[in-house]
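The primary structure of each chain is shown beneath.
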Amino acid sequence: MNKYRSHNCNELRKTDIGNKIVLSGWINKKRDHGNLLFIDLRDNYGITQCIIDKDNSNFVKLEKIQLETVININGKVIDRKKDTINKEIETGEIEVVIENFNILGTCKELPMPVFSDQEYAEEIRLKYRFLDLRRKKIHENIILRSKVISFIRNEMSKLGFLEFQTPILTSSSPEGARDFLVPSRLNPGKFYALPQAPQQFKQLIMVSGFDKYFQIAPCFRDEDARADRSPGEFYQLDLEMSFVEQDDIFKVVEKLLVNTFKKFSKKKLMFEKFPKNFLRRFIIKIW
């Protein structure tokens, strides 16, 4: 327990009933029932329903408070009645009676509500990206991305690969798009290029005798946006192996992708073995 919280907003259960707790988070929703005010408090982990009675001196202050205000509350965990249990959240069997609170961060009226999954114009979402990232669907997507990358790193390590970080400021190299250029402060009129891919560096790693390399690599390409990437930049799993044939590459990528989709997708895989003939024709066509 520290000054700001004893638990996160997805942690309290029926075993905590009767305990004094401290929570911190954003006000996700408010429901005013006249004599009773309900507040859904949200943090990175989930939501806890908090309540305050009109007899509490803090009732009026909380009643007027703006959504997405960051607060710290002290309270007591109580049981919910059976007809008020919320099965959609993991803390749905309990609620917290607010005894007192502190405002940690205020905000004005929002340009877009956070608790709604309603679609908004891309210009609004990008301008207020910090709000967009608070929305449940987007927030969960970012967490999923982090988990997928961590899983891939672990799987690559199990397969005997070493992770490297290659330079970002480099010289221009011929690739499939235009480079992004960065002017040099110490050498006026000279420019660095942002790498379109770590191609040259990973080949140097192979020449140096490291055998198996991988990187979650940032790639910068001055090209139009595509359906699968942002305009200008994207990340890719980049790998290289020494003393191998095409089938050896297939085996590594096949195992990695099958394990990743099994871990994170609820859908059934159509097949667990790559259709090799199709892949060979596809690769030959590309090259």
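Please read all numbers here as calculations on a predicted model, not as lab measurements.

(A) Region of the structure containing the nonpolar core. Judged by nonpolar contacts, the single largest core of 20 residues is most densely connected at Leu 23, Leu 62, Ile 71, Ile 73 and Val 96. Only strand S1 (20-32), strand S2 (36-42), strand S3 (47-53), helix H1 (59-64), strand S4 (70-79) and strand S5 (94-105) provide two or more residues apiece to this core. Looking at this core, the element that brings in the most residues is S5, giving four residues. In this structure Leu 62 touches Lys 30, Leu 37, Ile 39, Ile 52, Ile 71, Ile 98 and Phe 101, once residues within four positions along its chain are discounted. Core analysis: the next-biggest nonpolar cluster, separate from the first, contains ten residues, Ile 152, Phe 161, Phe 214 and Met 241 among them.

(B) Structural view of the side chain of Glu 223. Relative to the helices and strands, Glu 223 is located in the loop between strand S9 (212-220) and strand S10 (233-241). When its relative accessible area of 19% is taken as the criterion, Glu 223 is described as buried. Setting aside chain neighbours within four positions, we find Glu 223 in contact with Ala 177, Arg 229, Pro 231 and Gly 232.

(C) Layout of the packing of aromatic side chains. Scanning all chains against the criterion turns up three aromatic pairs. Measuring from ring centre to ring centre gives 6.1 Å for Phe 164 and Tyr 213, while their planes differ by 45°; the resulting arrangement is tilted. One end of the pair, Phe 164, is in the loop between strand S6 (162-163) and strand S7 (180-183); the other, Tyr 213, is in strand S9, and 49 residues separate them in sequence. The lysine or arginine in question, Arg 145, covers the ring of Tyr 235, its NZ or CZ lying 5.5 Å from the ring centre.

(D) Spatial organisation of the pairing of S1. With seven bridges joining them, S1 and S4 adopt antiparallel strand pairing. Its bridge partner lying in S4, Ser 24 is registered against Asn 72. Note that S1 and S2 share six bridges and pair antiparallel. Bridge pairing links Lys 29 to Asp 40 in S2. Connecting S1 to the antiparallel partner S2 that follows it, the hairpin turn spans three residues, and Gly 34 within it adopts a positive phi of roughly 85°.

(E) View of the pattern of salt bridges. The tally for this structure, following the rule as stated, stands at 19 salt bridges. Glu 240 serves as the salt-bridge partner of Lys 202, at 3.4 Å between the closest nitrogen and oxygen. Taken as a pair, Lys 202 in helix H5 (residues 199-207) and Glu 240 in strand S10 lie far apart in primary sequence, 38 residues in all. A relative accessible area of 8% places Lys 202 in the buried class. Residues joined by salt bridges that share partners form a network here, namely Glu 119, Arg 125, Arg 129, Asp 132 and Arg 135.

(F) Up close: the sheet that holds S1. Strands sit in the order S1-S2-S3-S5-S4 around a closed barrel of five strands; the barrel is mixed. Each neighbouring strand pair of the sheet contributes to a mean axis angle of 55°, computed without reference to strand direction.

(G) Structural detail: the sheet that holds S9. Ordered in space as S6-S9-S10, the three strands form an open sheet in which the pairing is mixed. Looking at the sheet topology across the chains shown, the edges are occupied by S6 and S10. Pairing between S6 and S9: two bridges, direction parallel. Across the sheet, the residue bridging to Leu 162 is Tyr 213, located in S9. Where helix H4 (residues 136-158) meets the sheet, its contacts fall on S6, S9 and S10, and the angle it forms with S9 comes to roughly 150°.

About the cut-offs
Residues numbered from 1 in each chain as written. Predicted model: local features only at pLDDT ≥ 70, side-chain atom pairs only at ≥ 80, totals over all residues. Heavy atoms only, no water. Core = buried A, V, L, I, M, F, W, Y, C linked by side-chain atoms within 4.5 Å. Buried < 20%, exposed > 50% of the residue type's maximum accessible area, 1.4 Å probe, protein only. Helix = DSSP H or I, 4+ residues; strand = E, 2+ residues; numbered from the N terminus. Contact = heavy atoms within 4.5 Å. Phe/Tyr/Trp six-rings, centres within 6.5 Å; stacked < 30°, edge-to-face > 60°. Lys NZ or Arg CZ within 6 Å of the ring centre and 35° of its normal. Pairing = 2+ DSSP bridges. Salt bridge = Lys/Arg side-chain N within 4 Å of Asp/Glu carboxyl O. Axes fitted to C-alpha atoms, helices over the stretch in contact; angles between N-to-C directions.

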